[in-house]
Structure formats: structure tokens, C-alpha cells
Amino acid sequence: MDAHIGVVGMAVMGSSLALNIESRGYTVSVYNRTAKRTENFVKERAQGKKIIPTYSLSDFVDSLKKPRKIILMVKAGEPTDKMIDALIPLLDKGDILIDGGNAYYKDTERRIERAHKYGLRYIGLGISGGESGALHGPSMMAGGDEDAYREVEEILEKAAAKTDDGPCVAYLGRGSAGHFVKMTHNGIEYAIMEAIAEVYDIMRVGLSMEIPQIQKIFKEWNKGRLNSYLIEITGNLLGVKDRDTGHYMVDIILDKAKSKGTGKWTTQTALDLGVPVPSISEAVFARILSSYKEERVKISRMLDKEDIPTLQAVDGTEFLDILEAALYTAMLLIYAQGFHLLHVASGEYEYGLNLAEVSRIWKGGCIIRAKVLNDFKEMYLENKDLSTPLLSERFIDMIKDNISSLREVILRAKEVEIPLPVLSSTLDYIDGAKRERLPANIIQAQRDYFGAHTFERRDREGVFHVEWEKEAEDSNS
Ligand SMILES: NC(=O)c1ccc[n+]([C@@H]2O[C@H](COP(=O)([O-])OP(=O)(O)OC[C@H]3O[C@@H](n4cnc5c(N)ncnc54)[C@H](OP(=O)(O)O)[C@@H]3O)[C@@H](O)[C@H]2O)c1
């Protein structure tokens, strides 16, 4: 029996995706470096399914219909290269390699070039949705060889999450487009997660609310304009208790956040491309700061006051509405930064991204799925060349009456010394973006003073330089 498609890598994502594709009527071959994983998979979850287990790469390759379609779901980085190296000699021209891992987009460019040298076709496929998404329907962002994509489109569309707007998968552009969009997705994810954590902190520490009260608020918020997967799971996870101690899990989880690097890549890439994504970079730094637990404990003993007031003086219900508006504003501005990055990258790397389509496939299946993505889709349908959502009237209408709530929350929370790296940087981002004049004139003067870097003037065309020390003496004399 020839399989329609093969999956390499039987950890959480690969095994779930294999089962998902099989459930749509396909025969799927599977292979994993360590045989035990494959054995367990076929004994347990894959029992009775049209799943072909293989225990050597050559058997795996031989079990596939030609042209072969192979999804790699192995650890990103070197393991992916190793697996590609091992597969190349076994494949025929025209076969299709699909990297479904969280590859760094520049690695994808390199791998495409390498695959092409051997006459292979390559798709960089960003997959989001975690284990459950992979099993029931993820959001998938494809880039690379378009003809190859069209040959796997039907399988991917059947396996993808579905919304009222169709399956959450699309071909987004040449080369590394799919993995670039997935990386940016993860950057946005970092920032929204941190924004939610900060709002939780305001409720828990600032307002001294109990966990069930906070849970109720998140559940309530999820029914409205904040409706999203991350708000939904926060509402759910808050209610979970530890079976051993009976305490709420969130109260016993160590406050050290880990990461695998996609937020860092987004930040580094935004710096390279010159796009402001302060909320994303602050979210990465917030995780890094959290990891310095021992130091924080020591510093808190040296600096923390015991008598920090709480926010209880504030009218609770009214303040919670303000908090909701603040989080909504932050969420919109975080997506805006991500979309701006995509717009610039699309020009730089000639992806030709359709950002309405990106918004559409993010509406379901992925970790950052949210009701507001429909508005982003509409924004880009109205103007596909929009450089940043901040230039869309639709977007401005959504934030303009809410920015004051974000400001109020920050001012109040600062009085009680709650750190808000993402909420604060998001407010600074919009406060800066909406200022016709910024103090960059001082920066330019300083640069010209010490480095003769020149400056432009507001009142005339041209490039200027001033002998600042001489002029300062003359001006003072
Ligand atoms: N987990 C998620 O929520 C999620 C979401 C989106 C995307 N992804 C991406 O999807 C991919 C798979 O993720 P995962 O969480 O299922 O697994 P993972 O922990 O990232 O990787 C484990 C898999 O990689 C294989 N592997 C590791 N080193 C290898 C090597 N040198 N040669 C060959 N195979 C090697 C392992 O095989 P052995 O069993 O032999 O060790 C196993 O099959 C990753 O790229 C990940 O970034 C994950």
C-alpha cells in the first residue's frame, strides 16, 4: 500500500499531525529516528489507522507514492539539516520536502537552495496550534515552491482548522515566507502572553483579587471583543488545582518563563529591518528577567518596601472595565507591530505577502487566533498596501477611545510598583507614533556635535553640519 504522504518525527507535533491527516482519508507513512517512539505510536494512538510504520529511512521513502510528499516534524535547527541530509540521497527529482518545524527563516532559504540543487521541491510550512491544533486542525503558513504547494494543498486544507472564512492554510509567498510569517506569529504570541500576565498581576497583586474572581473576569472578557485563544486558556488554566496540595496551580508554578527562541528571532529581525516592535522585544526581555529568580529574590530584599499600597481604593468594577479596554488596546497595537514587520519583510524579501490572507488564516487553529483578526483582514482588504495598521482609519477608530484606558491602568499600576514592560512599551509606541514632533532633533544635534554626522533642518532642504563648540562659545559671548 503506497502512502499519500509521510511524516518524519513522531514527537507530539508529528504524531498528532499524522493522525489528523489520516483522519481526513489519507494513508500516512511515519518514521522516527528512535524506533521506540514509532513502536509506541502504532501500538497506542495509531492502532487500527491507515498509518504505515517504518523503521528505516529507505523503507519510509519506498512506502510513499511518487512524487513523494514528506513532512518533517523534527526539532528545529541542526536535527532538521541532518534529516534532510539523510533523505536527499534516497529521493527522486520532483519529490517534495515540507519542513513543518519552527525553522529560522534564513535556514529555510538555505535549505531551499540545497533542495533545488538536487531537483527537489521545498515548502517551508509554519504550523501553529500546539498538540491539539496539530491533531484537530492547525493554522498553516506555507512558503516556497508554489507548484509543490498546489500538489499538497488539498491534504493541507483538509487537515487545517476551519473558520467561517475557510481553511486556515494558504500559500503566502516565495522562499521562506511561511516560516517568516510563523516567526512573526510567535513574536506576537510572546507579547500578548506577557500583556495578559501583566493584567493578571494588576488584578492579583494590585487589586488583591482571589484566583476565582480573576478567572471569572477572563471568562467574561472572552465573551466580548477580547475573544481569543490566549484569553480563553488563561480563563481555563486559572481554575486548575494541584492534586497534591489542593492549591491553584498558578500559585505554585515557579515564576521563571522559558523560551525556545522565536520571540528573540522576531526581535532581532525587526532590528535588522528597522521596524519598531517594542512590545515584542519587551516581552522577550520580560521572560529573560524572570529567569533571574535568585537575583530578583536578593534585590527584592534590598529594595522592596513592605508597605506598598494596593489599588483597592479604586472602584473595582469600573477599574476592571478600564483594564479590559487597556488590554484590548494593547492587543491591537501588538498585532499592528507584527503586521508592520510583515509588510516591511515582504518588500525586503520579495515575498509578496497578502496580509488579508495572513489575517484570515490566523483566525483559527493558531495560538494567536482572536476575534480582532477579522478587523485586520478587513483593513487589508480595504488597502492591501497598508504599511502599518496605524494608518488605517478602521484601526484608529478601534483604539482612539481606548488609549486613555491603557494610560490610566499604567499610571495607577505604577503607583503600586507593578512592572508592566509590555503594556508600558505599547503605550510608548502609540504615544510616539502619534506625535508629530519627537525629540529626535536633540539626538541629531548630539550626533553632529560629537561625530559630525550632519542633520537636516525643518525649514530648508539639504544636509547641514555645525561646529558646535565654536558656535556655543560664539553664542555665549
Ligand atoms: N510543540 C509545539 O507546540 C510546536 C508548535 C509548533 C511547531 N513546533 C515545531 O514542530 C517541530 C516538532 O516539535 P515537537 O514538539 O513535536 O518535537 P521536538 O521536541 O521539537 O523534536 C523531537 C523530534 O525531533 C527528533 N529529533 C531530534 N533530534 C534529531 C536528530 N538529530 N535527527 C533526527 N531526528 C531528531 C526526535 O526524534 P527522537 O525521538 O529520535 O529523539 C523527535 O521526533 C519542531 O520544529 C517544533 O519547533 C512545535
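Coordinates for the structure precede this section.
Quantities reported herein were computed from a predicted structural model and do not represent experimental measurements. Going along each chain's sequence as written, the residues are numbered from 1 onward. In view of the model being predicted, local features appear only for residues whose pLDDT reaches at least 70, and side-chain atom pairs are presented and counted only at 80 or more, with totals across whole chains, interfaces and linings using the full set of residues. Side-chain figures throughout are based on the complete set of non-hydrogen atoms in the structure, without hydrogens or water.

(A) Expanded view of the packing of aromatic side chains. Aromatic rings from Phe, Tyr and Trp, with only the six-membered ring used for Trp, were paired whenever their centres fell within 6.5 Å, and each pair was classed as stacked if the ring planes differed by under 30 degrees, edge-to-face if by over 60, and tilted otherwise. Under the definition given, this model contains 18 aromatic pairs. Connected via pairs of aromatic rings, a cluster forms that spans Tyr104, Tyr105, Phe180, Trp265, Tyr349 and Tyr351. For a lysine, the NZ atom is tested; for an arginine, the CZ atom; a charge sits over a ring if that atom is within 6 Å of the ring centre and within 35 degrees of the ring normal. Above the ring of Tyr328, the side-chain terminus of Arg225 is found at 4.2 Å from the ring centroid. For the cation-ring pair, Arg457 lies above Phe464, with the distance from its terminal atom to the ring centre recorded as 5.5 Å.

(B) Main features of the nonpolar core. We call a set of buried residues a nonpolar core when its members are Ala, Val, Leu, Ile, Met, Phe, Trp, Tyr or Cys and they connect through side-chain atoms within 4.5 Å of each other. The buried label applies to any residue whose accessible area, calculated with a 1.4 Å probe on protein chains only, is under 20% of its type's maximum; exposed applies above 50%, and partly exposed to all values in between. Ile202, Met203, Phe218, Trp221, Tyr335, Phe339 and Trp362 are the most contacted members of the largest nonpolar core, which totals 93 residues. In this text, helices come from DSSP runs of H or I with a minimum length of four residues, and strands from runs of E with a minimum of two, each type numbered from the N-terminal end. Sort the elements by how many residues they give to this core and helix H15 (residues 316-348) lands first, with 18 residues. Of all hydrophobic cores here, the second largest spans 32 residues; its members include Ala46, Ile51, Ile71 and Ala148.

(C) View of a positive patch on the surface. In this analysis, a patch consists of residues with relative accessible area above 30% that form no salt bridge, clustered at 9 Å for like charges and at 5 Å for the nonpolar side chains Val, Leu, Ile, Met, Phe, Trp and Tyr. Using a 1.4 Å probe, accessible areas were evaluated by the Shrake-Rupley method; residue-level cover was limited to the displayed protein chains. Whenever a carboxyl oxygen of Asp or Glu lies within 4 Å of a side-chain nitrogen of Lys or Arg, that contact is scored as a salt bridge. The charge count includes Lys and Arg as positive and Asp and Glu as negative, but it does not include His or the ends of the chains. Charge positions are represented by NZ for Lys, CZ for Arg, CG for Asp and CD for Glu. Together, Arg33, Arg37, Lys75 and Lys260 make up a region of like positive charge exposed at the surface. Mapped onto the elements, Arg37 comes out in helix H2 (residues 35-43).

(D) The arrangement of unusual backbone geometry in detail. Lys66 connects to Pro67 through a cis peptide bond whose omega is -10°. With respect to the helices, strands and loops of the structure, Pro67 is situated in the loop between helix H3 (57-62) and strand E4 (69-72). The backbone of Ser208 sits at a positive phi, close to 50°, despite the residue not being glycine. Along the polypeptide, Ser208 turns up in the loop between helix H8 (177-206) and helix H9 (211-221).

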